[in-house]
Amino acid sequence: MTTAVAELKSNEPERALTVPPVRTIVLDRPPEPVRPVSQRDAVRRIGLAAGPERLRLEEVSVSYGGKDAVRGVSLSIHQGEVLALIGPSGCGKTTLLRTLNRLTELTPNAARTGRIVLDGHDIHDLEDTALRARVAMVFQQPNPFPMSIFDNVAFALREQSRRRPRRAELEPLVLDALRRAGLYEEVKDDLHRPALRLSGGQQQRLCIARAIAPRPEVLLMDEPCSALDPISTGVVEDLIHELRRELAVVVVTHNLAQAHRVADKVAFMYLGDLVEYGTAQQVFEESRAPRTRDYVRGTFG
Amino acid sequence: MSAPLANPRGVALATRGRRSSVRTWRWSDRLAVLAAWAAGLFLCAVAAAVVIYMGYRGIEYLRPALLFSRPAPGVAQSETGGFLDPLLGTMLLTAIGIALAAPLAICSALWIVEYGRHGRARRMSRVVESSIEVVAGTPDIVIALFGVALFQLHALAFLSSTGEGGGVTGQSFIVAGAVMSLIALPPIFVATRDGLQAVPAHLREAAYALGKTRIATIRRVLLPRVRANLATGVTLGVSRIVADTAIVIVLLGDTLRFEPATGGLPGLRLLRGTGSSLTSYVFDNSPAGEAGAPQKAYAAAFVLLVFVVALNLVVERIGRAQASSQGLAADGGIA
Amino acid sequence: MMRPWSDRRAGGILGAASLLTCLCVLAMVAFVAVNAWPIFAHDGLRWLGPGGSIKGQIETMLNSTGHPPASVFHLRAWPIVYGTLLVTVLAVAIALPLAVLCAVFIVELAPAGVRGVMVPVVRLLASVPSVIWGLIGVLVLVPYVGNHLITTSERDSLLGTVQLTGASLLVAVVVLALMIAPIMVALICDALAAVPASWREGAAALGVNRPRAIRAVNLRAIRPAIVAATVLATGRALGEAIMISMVSGSFFFAPRPGDGLTFLFEPLRTIASTLVDYREGIGAPALKATLYALALLLLLSALVLSLGGHLIKQPLRRHQVPA
């Protein structure tokens, strides 16, 4: 399987000096499929040693048409960790998330300063398609394409490669992505069903499978559970928990309880400023800033 | 454009990073983008060519005298006169067609939206809508032949004239206008129906809550609101009538001038008589018709095109006025 | 003072108007079918097939009067049926890709200023009357084809069979494609603009470049609209009478693909253009029956097209947002 993936990756052309050869990722540990609930440890928070740093933000500011949305944020995102961006609405957490894969460029008057470094390379110098192949995103509303389940998951694999891969090459990658997303068991009997016929929770997991199929290094999730019912939310949270082994995960959430459950590191933002950043333990229990304390206690939100 | 970011705390703003290089695109992608640009520009070029060419020829051949003088049979171009009669013929046909089509279309649309939503009436509504769709999709030459078959019946001889041998000609302004109304019906119906369906339910409910009957609601509340849609629909209907040729050449008798019918009520003689319209005039003067006078054909075609463009502008103006008055951003749609 | 109308009366009147509309349509089908009957009575459906010279058959009908003997009703209309199919299929085959590409250009690729120009341009093209298209065709394109594109050798190859004047299949197909393309562009543009932004964003976030995203997602999403547009355009193409009559040479001839390039320069007649050309002969009973039979054919084709369009859209809707 890794050879097939490597072959797909090698189809990318060699680049000039400042741009790295695309997608030579060294994983800390081999990717593992999501384990069924019964096999998981009772204690949710397994202390994983943080892996290598994937993304680093240095004094990042984003503004829309002159108005600042994010001011001077510096963070570090590691593989093996889930970073939760929390804060009241309008604090800029979604904007910050979308800056990480340069999706803010789709908006006409967005501007950015500061540096964002992916594996040692400034994302500004990467091609946007190459960047987004390494930094994937899952949106708040599940948005599966109007195609079959198989075609959805295979989408990025097909369209990112230079030449069109054959179905035989795609199939193992698609199945693997579905397994890792914990959706395989539910859809394996008919992968050619239209994706829009799935339930909301299944659609969101399909979007996750679609996002992780091309083996990105970082997974960005913009309030992935806000449109889902509690059971699906639980399934997706378990998924996040498992996925962090092979990826760096950044989750934006306005749900403090979810942040409690899911996060290893937490960044609290308020009106565009990064107020506090640290491990979950530090931010929730030993917060330094009074505003953080107020927020996590629910004094305002 | 990419801005140098040597100093992380620098003031330099980046708006866009590096875009995906065309080098990495498959050649089919590059071809597709080129083809799309080519298609768009090609259609623009065609439109420009049509307008410019017709304008050029029109200015070359159109004299104001042509608009106001009546056509006359003759051999040389200087003798054949202008096309006042065809011009008036077009207007007369349009008037008759709209006068018949508009009430029918508006009443049908009203009935479907207001009365025909529940139960048995619902099935009837679908039948009405399907029939109007059928009419909309029928070629105009077929509708013209239907008109011939219908109006050559002896019972309807009073609408046209009777030729020698007792056969009903079935060709007159009334006949052609009546058949034209079938073409104008679908645009008016669709525009009215869509406008009525777009009226928010709470307006109707408020009216009913005030104790108004349904018909009063229609008259006082709904119809004024859909005035713009009605205007659009009628304008579209007018443009379809003005542009139609097949019905005219089959049902209007194809005489250069107005030839009122003999006998019968004096007022109706003109309507029962034959004549021509701009479109049939163009057709007849082209190599396809008998006369073969391209100069006159160009002149008349230019006038026709000006009409159509003007009607188009009216529709656009109504659309923009409606969008702004309802506080919506003007939509970028075409239809 | 007028009494306010009661709802029931008003409803009755409006309902009667709607009924009248239906009756008009039913009357149309009925009248056409009734007048077409003699041709079907004579030969069943065989009159659609090939056999004999259609020109001779129609001339016979034209010259018959009064109560003609049964043999006059003999008709083999295949050449014009074939001509209709040929022109329609070729025109739609050209117009469909043109329209899709143009729509993609307008909605996705054009800068805002260009888009503002394109919208009125397409609307203008869609409303040009067919007689003006025919005029330009017969006064500009036909002479050009006749003088510059047809070679003497091609003319000689058909000497005695048919005369190549430039009024031809080529001109008919090109002008027809230009007539129906704007209709399709309008419909497809609306559908493209309605594709949810979430799909656009999703495709971008997956690192797919713009053209690929458009092809893989947007065009797939609007397949029902493309079908609807094609059906509409085909119906329009089938029924186009005036323009074809002006540019296609008005000759009862079935263009032969075996002739190579000359195939494009051969004249033809379609069903609709025959109706226009022989409209004066409607007095002769046999010809009248023929004309109505042809009209019935057109009418039924239009009906079948609408129905077919509806049916094709259903399976395509599987993949869309469940209504």
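Residues numbered from 1 in each chain as written. Chains lettered and ligands numbered in written order. Predicted model: local features only at pLDDT ≥ 70, side-chain atom pairs only at ≥ 80, totals over all residues.

Trainee: So what exactly am I meant to see when it comes to the nonpolar core here?
Mentor: Buried together is how nonpolar side chains tend to be arranged in soluble globular proteins. Residues V250(A), L145(B), A99(C), M184(C) and I188(C) are the most contacted members of the largest nonpolar core, which totals 300 residues. In terms of residue count, the dominant contributor to this core is helix α7 (residues 169-193) of chain C (21 residues). Both domains that meet at this core, namely domain 1 (22-56) and domain 2 (62-325) of chain B, each give it at least three residues. Other than its neighbours up to four places away in sequence, L145(B) contacts V250(B), V32(C), L275(C), L291(C), Y292(C) and A295(C). (Core = buried A, V, L, I, M, F, W, Y, C linked by C-beta atoms within 7 Å. Buried ≥ 20, exposed ≤ 12 C-beta atoms within 10 Å, placed from the backbone. Helix = DSSP H or I, 4+ residues; strand = E, 2+ residues; numbered from the N terminus. Domains from an automatic or database assignment. Contact = placed C-beta atoms within 7 Å.)

Trainee: Help me understand the interface of chain B and chain C, please; the structure alone is not making it clear to me.
Mentor: For an interface, size is often stated in terms of accessible area lost upon the parts coming together. Every contact between the two is made by 73 residues of chain B and, on the other side, 78 residues of chain C. Considering each element in turn, the side of chain B that touches chain C owes the most residues, 15 residues, to helix α1 (residues 27-61) of chain B. Split into classes, the residues belonging to the side of chain B that touches chain C amount to 54 nonpolar, 14 polar and five charged. (Nonpolar A, V, L, I, M, F, W, Y, C, P; charged D, E, K, R; others polar.)

Trainee: Explanation requested: the packing of helix α5 (residues 140-151) of chain B against helix α1 (residues 7-43) of chain C in the structure shown.
Mentor: If you want to describe how two helices pack, look at the angle between their axes and the distance between the axes. The interhelical angle for the contact between α5(B) and α1(C), taken along N-to-C directions, is 75°, at an axis separation of 9 Å. One element, α5(B), and the other, α1(C), form an angle in the roughly perpendicular class. When α5(B) is examined against α1(C), the residues V142(B), I143(B), L145(B), F146(B), A149(B) and L150(B) are found in contact with a partner set consisting of A27(C), M28(C), F31(C), V32(C) and N35(C). Residue composition of the contact of α5(B) with α1(C), grouped by class: 10 nonpolar, one polar and no charged. (Axes fitted to C-alpha atoms, helices over the stretch in contact; angles between N-to-C directions. Parallel < 35°, antiparallel > 145°, perpendicular 65-115°, else oblique.)

Trainee: What should I look at first to understand helix α9 (residues 227-243) of chain B in this one?
Mentor: Residue pairs spaced three or four apart in an α-helix point in one direction, given the helix's 3.6 residues per turn. Between the first and last C-alpha of α9(B) there are 24 Å, a value that for 17 residues agrees with the 24 Å anticipated at 1.5 Å per step. Of all 17 residues making up α9(B), 14 are buried, and the element is well covered by its neighbours. (Expected span 1.5 Å × (residues − 1).)

Trainee: Would you take a moment to explain the confidence of the model for chain C for this structure?
Mentor: Reading fine detail from the predicted coordinates is not recommended where pLDDT is low. Of the residues in chain C, 95% reach a pLDDT of 70 or more, and the chain-wide mean stands at 85. Model confidence for the complex is summarised by a pTM of 0.84, with the ipTM given as 0.88. (pLDDT = per-residue confidence, 0-100.)

Trainee: Is there a simple way to think about unusual backbone geometry in this case?
Mentor: In most cases, non-glycine residues show a negative phi, while peptide bonds are predominantly trans. Residues and elements named next belong to chain A. Backbone geometry at R102 places phi at a positive 55°, although glycine is not the residue there. Accessibility expressed as a C-beta count within 10 Å gives 24 for R102, which makes it buried. Positive phi, close to 50°, is recorded for L271, a residue that is not glycine. Within the fold, L271 resides in the loop between β9 (265-270) and β10 (273-279).

Trainee: Looking at this structure, how should I read the confidence of the model for chain A?
Mentor: All names here are of chain A. Looking at chain A, pLDDT values average 80 and 83% of them are 70 or higher. Note that residues 1-28 has pLDDT below 50 and, in this model, 35 contacts with residues that lie over four places away or in other chains. pLDDT under 50 marks residues 37-45. Its contacts with residues more than four places away, or in other chains, come to four contacts.

Trainee: Would you mind showing me how to read the pairing of β10(A) here?
Mentor: Each regular strand carries side chains that alternate between the two faces of the sheet. Residues and elements named next belong to chain A. Across six bridges, β9 lies against β10 in antiparallel orientation. Residue pairing for β10: K265 is matched across the bridge by T279. What sits between the antiparallel neighbours β9 and β10 is a turn of two residues, in which L271 has the positive phi angle 50°. (Pairing = 2+ DSSP bridges.)

Trainee: Where do I start with the pairing of strand β2 (residues 67-78) of chain A in this structure?
Mentor: Residue and element names in this part refer to chain A. Strand direction decides the pairing type here: strand β1 (residues 53-64) and β2, joined by eight bridges, are antiparallel. Looking at the pairing, Y64 lines up with K67 of β2. The antiparallel pairing of β1 with β2 creates a hairpin that spans two residues between the two strands, and G65 there sits at a positive phi of about 55°.

Trainee: Got a minute to help me understand the packing of helix α6 (residues 173-198) of chain B against α9(B) in this structure?
Mentor: Residues and elements named next belong to chain B. Following both chains from N to C, one finds α6 and α9 inclined at 160°, their axes separated by 8 Å at the closest point. In terms of orientation, α6 and α9 fall into the roughly antiparallel class. Here the hand of the crossing between α6 and α9 comes out right-handed. Between α6 and α9, the residues in contact are M180, I183, A184, P187, I188, V190, A191, T192, D194 and G195 and N229, L230, T232, G233, V234, L236, G237, R240 and I241, respectively. (Left-handed = near helix turned anticlockwise from the far one by under 90°.)

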